[in-house]
Amino acid sequence: MSDEVGIRPATAADAGAIDSIIRAAFAGTGFGRQGEAELVRMVGEDGDTLVSLVAERDGAIVGHVLFSRMGIEADGAELSGAGLAPVSVVPERQGQGVGDALIRAGLDALRKQGVAISFVLGHESYYPRFGYSPDLAARFVSPFAGPHFMAMMLDSGAAWPQGGRADYAPAFGRMG
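The rules we used
- Note on numbering: residues in each chain are counted from 1, in written sequence order.
- Only residues with pLDDT of at least 70 are given local features in this predicted model, and only at 80 or more are side-chain atom pairs given and counted; all residues enter the totals for whole chains, interfaces and linings.
- Water and hydrogen atoms were dropped before computing side-chain values, which therefore reflect all heavy atoms in the structure.
- Each helix is a run of H or I in the DSSP string that is no shorter than four residues. Each strand is a run of E no shorter than two, and both are numbered from the N terminus.
- Burial here depends on accessible area, computed with a 1.4 Å probe over protein chains only, as a share of the maximum for the residue type. Under 20% is buried, over 50% is exposed, and the range in between is partly exposed.
- Using the Shrake-Rupley algorithm and a 1.4 Å probe, accessible areas are obtained, with residue cover drawn only from the displayed protein chains.
- Two residue types count as positive, namely Lys and Arg, and two as negative, namely Asp and Glu; His and chain ends fall outside the count.
- To locate a charge, take NZ of a lysine, CZ of an arginine, CG of an aspartate or CD of a glutamate.
- Take the buried residues of types Ala, Val, Leu, Ile, Met, Phe, Trp, Tyr and Cys, join any two whose side-chain atoms come within 4.5 Å, and each joined set is a nonpolar core.
- Here, two residues are considered to be in contact whenever any of their heavy atoms come within 4.5 Å of each other.
- An expected span of 1.5 Å times one less than the residue number is assigned to each helix.
- To get an axis, fit a line to the C-alpha atoms, keeping to the stretch in contact for a helix; angles then go from 0 to 180 degrees between the N-to-C directions.
- Helix crossings fall into two classes, left-handed where the near helix is turned counterclockwise from the far one by less than a right angle and right-handed where it is turned clockwise.
- It is the directions from the helix axis to the C-beta atoms that the arc portrays.
- Geometry of aromatic contacts follows a simple scheme: Phe, Tyr and Trp rings, the Trp one being its six-membered ring, pair when their centres are within 6.5 Å, and the pair is stacked under 30 degrees between planes, edge-to-face over 60, tilted otherwise.
- Salt bridge, as applied in this entry: a Lys or Arg side-chain nitrogen positioned within 4 Å of an Asp or Glu carboxyl oxygen.

Caption draft 1: Looking closely at the overall build of the protein chain. Each helix and strand in the protein chain was counted, giving five helices and eight strands. Among the 176 residues that make up the protein chain, the fraction classed as buried is 45%. As displayed, the protein chain offers around 8400 Å² of accessible surface, 54% of which is attributable to carbon and sulfur atoms. Taken as two groups, the 14 positive and 21 negative side-chain charges of the protein chain have centres that lie 1 Å from each other.

This is how it looks when you write it as structure tokens:
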């Protein structure tokens with residue numbers, strides 16, 4: 001048994017494993033009413049997936065992260081943006097850096113695609129380690145505004161927009 005985790009793009013053949021991982025990761029958390037698996041499916045069907053990665057350990061998929069297209073207006077201009085949601089790791093592998101590796105690989109993939117900004121709705125003590133800031137997100141009008149709504153410029157040298165609008169992919173709005 002190896003502790004090595006490999007990160008690779010998700011394929012259509014991974015759909016069942018991804019669904020199982022998401023359901024296991026969020027079981028009993030009270031988050032999303034098990035809607036995350038459905039959300040990943042709907043984002044994919046809508047063509048709004050920007051980055052979908054899986055983590056493998058010993059030949060088994062143990063984690064998944066999805067970044068979806070967002071509609072971003074910043075300082076009066078369109079800006080390419082991505083929403084991080086969800087990140088899922090099988091319960092027995094949580095706390096071992098798998099989610100961290102998935103998020104970092106996903107952010108690198110977004111940078112290679114030229115995406116300018118990423119948003120996340122998540123735990124305010126976890127996501128700042130990647131560069132997410134509630135102060136940056138607070139500059140954007142969004143139905144998800146609040147202390148758990150964070151954003152980061154993918155080019156760390158880029159100036160922060162003064163304000164704008166951040167809209168998640170349509171699938172998010174269809175979640176009941």
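Caption draft 2: Fine view of the nonpolar core. Core analysis: the largest hydrophobic core is formed by 55 residues, its most contacted members being Phe-67, Leu-107, Leu-110, Phe-119, Tyr-127 and Tyr-132. The greatest single-element share of this core, amounting to eight residues, is contributed by strand E3 (residues 60–74). The residues contacting Tyr-127, other than those within four sequence positions of it, are Leu-84, Val-87, Ile-103, Val-120, Gly-122, Tyr-132 and Met-150.

Caption draft 3: Expanded view of the side chain of Ser-68. Take Ser-68: it is sitting in strand E3. Under the relative-accessibility criterion, Ser-68 is labelled buried at 0%. Excluding residues that lie within four positions of it along the chain, Ser-68 makes contacts with Val-43, Asp-48, Leu-50, Gly-81, Ala-82, Gly-83, Ala-169 and Phe-172.

Caption draft 4: Highlighting helix H2 (residues 35–46). For H2, with 12 residues, the first-to-last C-alpha span of 16 Å sits near the 16 Å given by 1.5 Å per residue. Within the span of H2, buried status applies to Gly-35, Glu-36, Ala-37, Leu-39, Val-40, Met-42 and Val-43. Count one or two residues on from H2 and you reach Gly-47, which has phi positive near 75°.

Caption draft 5: How the structure looks around the packing of helix H1 (residues 15–26) against H2. Following both chains from N to C, one finds H1 and H2 inclined at 145°, their axes separated by 8 Å at the closest point. The handedness of the crossing between H1 and H2 is right-handed. For the pair H1 and H2, contact is made by Ile-18, Asp-19, Ile-22, Arg-23 and Phe-26 and by Glu-36, Ala-37 and Val-40, respectively.

Caption draft 6: Geometry of helix H3 (residues 98–113). The end-to-end C-alpha distance of H3, which contains 16 residues, comes to 23 Å, matching closely the 22 Å that a straight helix rising 1.5 Å per residue would cover. Taken together, the buried positions of H3 are occupied by Val-98, Gly-99, Leu-102, Ile-103, Gly-106, Leu-107 and Leu-110. When H3 is viewed along its axis, its buried side chains cluster within an angular range of 165° and face the same direction. Where H3 is buried, its residues meet strand E1 (6–9), strand E2 (49–57), E3, strand E4 (77–89), strand E5 (117–121) and strand E7 (149–153). Gly-114, located one to two residues past H3, shows a positive phi value of around 80°.

Caption draft 7: Region of the structure containing the packing of aromatic side chains. Within the structure shown, the criterion is met by nine aromatic pairs. Here Tyr-168 and Phe-172 contribute two aromatic rings whose centre-to-centre distance is 4.7 Å and whose plane-to-plane angle is 45°, an arrangement assigned as tilted. Exposure class is identical for Tyr-168 and Phe-172. Each is buried. Here a set of aromatic residues connected by ring pairs shows up, and it is made of Phe-119, Phe-140, Phe-144, Phe-149, Tyr-168 and Phe-172.

Caption draft 8: The arrangement of the pattern of salt bridges in detail. Inspection of the entire model under this criterion finds 10 salt bridges. Across the pair Arg-8 and Asp-14 runs a salt bridge, and its minimum N-O distance is 2.8 Å. Here Arg-174 makes a salt bridge to Asp-46, at a shortest N to O gap of 2.8 Å. Placement of Arg-174 in the segment after helix H5 (170–173) and of Asp-46 in helix H2 is noted, with a sequence separation of 128 residues between them. Residue Arg-174 is classed as partly exposed on the basis of its relative accessible area, which comes to 45%. One continuous salt-bridge network, built from bridges that share partners, spans Arg-8, Asp-14 and Glu-56.

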